[in-house]
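# Survey of secondary and tertiary structure
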Amino acid sequence: MDAVLAALAPALRPAFSLWGSAVTWLEVAAFVLALGTVAMNIRVNPLGWPLAIVSSLLYVGLFWNSRLYGDASLQVFFAVVAVWGWWQWLHGRQDDGRPLEVRTLAPRARAGVLIALVFAWPATGWFLKRYTDTDVPWWDAFPTAASVIGQWLLGRKYIENWPTWLAVNVVSVALFAYKSLWLTVVLYAIFLALSLLGWRAWQRRLAVAAA
């Protein structure tokens, strides 16, 4: 990874200063692409997935440079899963054989998702605490574990992805503020608002489909 960071050195130079901390060109590029990704997701537009791939790969370098190893590893996962999500939105099928549509989880499946998070969060936090030098293992672990679940829900067009991202974004705003990644703080604050907008937009889609 040191070789990758060395190659990214020009992009890690300051573009401007925000609230007393330098904002790098890498963070600026990742910021713009990430906003485009969520905008496409709200519209259920599959073009959001290739934007997600590029944005995630840029954030790998940014987060690793800030010793947020859980979030950096998560972005690698995002890039890989975005390929799967892109395919799902273009060719995926529901259990009844129809193309994927915006839908809700059954109550039993929703409980399973919550149980998965209850186990995944502490397991991820323990791993980060034991095997990395991060100074925020448990706070880094929550968005890491919850985002894995959120990405699966999004790829399968379950509306529950939006409240999952809402929780991720709340924790992430505090985490990135602690790390003085201020442009990313702004990004995740915008994500908070977009999570609510996305939730409402997908609810409207469900209402129209039901009618």
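Here the structure is a predicted model, which is why all the values come from computation and not from measurement.

Before going further, it helps to examine helix 6 (residues 137–155). Taking 1.5 Å of rise per residue, 19 residues should cover 27 Å, and helix 6 covers 27 Å from first to last C-alpha, within 8% of that figure. With respect to burial, helix 6 is a largely interior element, 15 of its 19 residues being buried. Two residues or fewer after helix 6 comes K157, characterised by a positive phi angle close to 60 degrees.

The next subject is the nonpolar core. If you look at soluble globular proteins, the nonpolar side chains tend to sit buried side by side. One finds Y59, F63, F176 and W202 to be the most contacted residues of the largest nonpolar core, which totals 49 residues. Only helix 2 (25–42), helix 3 (48–65), helix 4 (69–91), helix 5 (107–131), helix 6, helix 7 (161–178) and helix 8 (182–210) provide two or more residues apiece to this core. In terms of residue count, helix 8 provides more of this core than any other element does, eight residues in total. Excluding its chain neighbours within four sequence positions, the residues that come into contact with W202 are N41, I42, V44, W89, V102, L154, K157, Y158, I159, N161 and W162.

Considering every residue of the chain, the mean pLDDT works out to 88; 94% of them sit at 70 or more. Highest mean pLDDT in the chain belongs to helix 7 (94); lowest belongs to helix 1 (residues 2–7) (60).

Below, the discussion takes up unusual backbone geometry. Trans is the prevailing form of peptide bonds, just as negative phi is the prevailing case for residues other than glycine. A positive phi angle, close to 60 degrees, is found at K157, a residue other than glycine. We note that S180 has phi near 60 degrees; this positive angle belongs to a residue other than glycine. Turning to its location among the elements, S180 is positioned in the loop between helix 7 and helix 8. Here S180 falls in the partly exposed class, since its relative accessible area comes to 32%.

What follows concerns the pattern of salt bridges. Applying the stated criterion across every chain, the model contains four salt bridges. We note a salt bridge from E101 to R98, for which the minimum N-O separation is 3.8 Å. Judged by relative accessible area, R98 falls into the partly exposed class, the value being 43%. E160 is the salt-bridge partner of R110, the closest N and O atoms lying 3.1 Å from each other.

Here we take up the packing of aromatic side chains. Inspection of every chain in the model, using the stated rule, returns 14 aromatic pairs. A centroid spacing of 5.0 Å and a plane angle of 25 degrees characterise the contact between Y59 and F63, whose relative ring orientation is stacked. Here Y59 and its partner F63 are both found in helix 3, four residues apart, which amounts to about one turn of the helix. Given a relative accessible area of 3%, Y59 falls into the buried group. Consider the rings of W162 and W202, whose centres lie 5.7 Å apart with planes at 85 degrees: the pair is edge-to-face.

Moving on, we get to the packing of helix 7 against helix 8. Pairs of packed helices are described in terms of their axes, by the angle between the two and the distance that separates them. Where helix 7 meets helix 8, the axes come as close as 8 Å, and the angle between the chain directions of the two elements is 165 degrees. Taken together, the axis directions place helix 7 and helix 8 in an arrangement best described as roughly antiparallel. Note on packing geometry: the crossing formed by helix 7 with helix 8 is left-handed. Along the lines of polarity and charge, the residues of the contact of helix 7 with helix 8 split into 18 nonpolar, six polar and no charged.

Analysis parameters
- Residues numbered from 1 in each chain as written.
- Predicted model: local features only at pLDDT ≥ 70, side-chain atom pairs only at ≥ 80, totals over all residues.
- Heavy atoms only, no water.
- Helix = DSSP H or I, 4+ residues; strand = E, 2+ residues; numbered from the N terminus.
- Expected span 1.5 Å × (residues − 1).
- Buried < 20%, exposed > 50% of the residue type's maximum accessible area, 1.4 Å probe, protein only.
- Core = buried A, V, L, I, M, F, W, Y, C linked by side-chain atoms within 4.5 Å.
- Contact = heavy atoms within 4.5 Å.
- pLDDT = per-residue confidence, 0-100.
- Salt bridge = Lys/Arg side-chain N within 4 Å of Asp/Glu carboxyl O.
- Phe/Tyr/Trp six-rings, centres within 6.5 Å; stacked < 30°, edge-to-face > 60°.
- Axes fitted to C-alpha atoms, helices over the stretch in contact; angles between N-to-C directions.
- Parallel < 35°, antiparallel > 145°, perpendicular 65-115°, else oblique.
- Left-handed = near helix turned anticlockwise from the far one by under 90°.
- Nonpolar A, V, L, I, M, F, W, Y, C, P; charged D, E, K, R; others polar.

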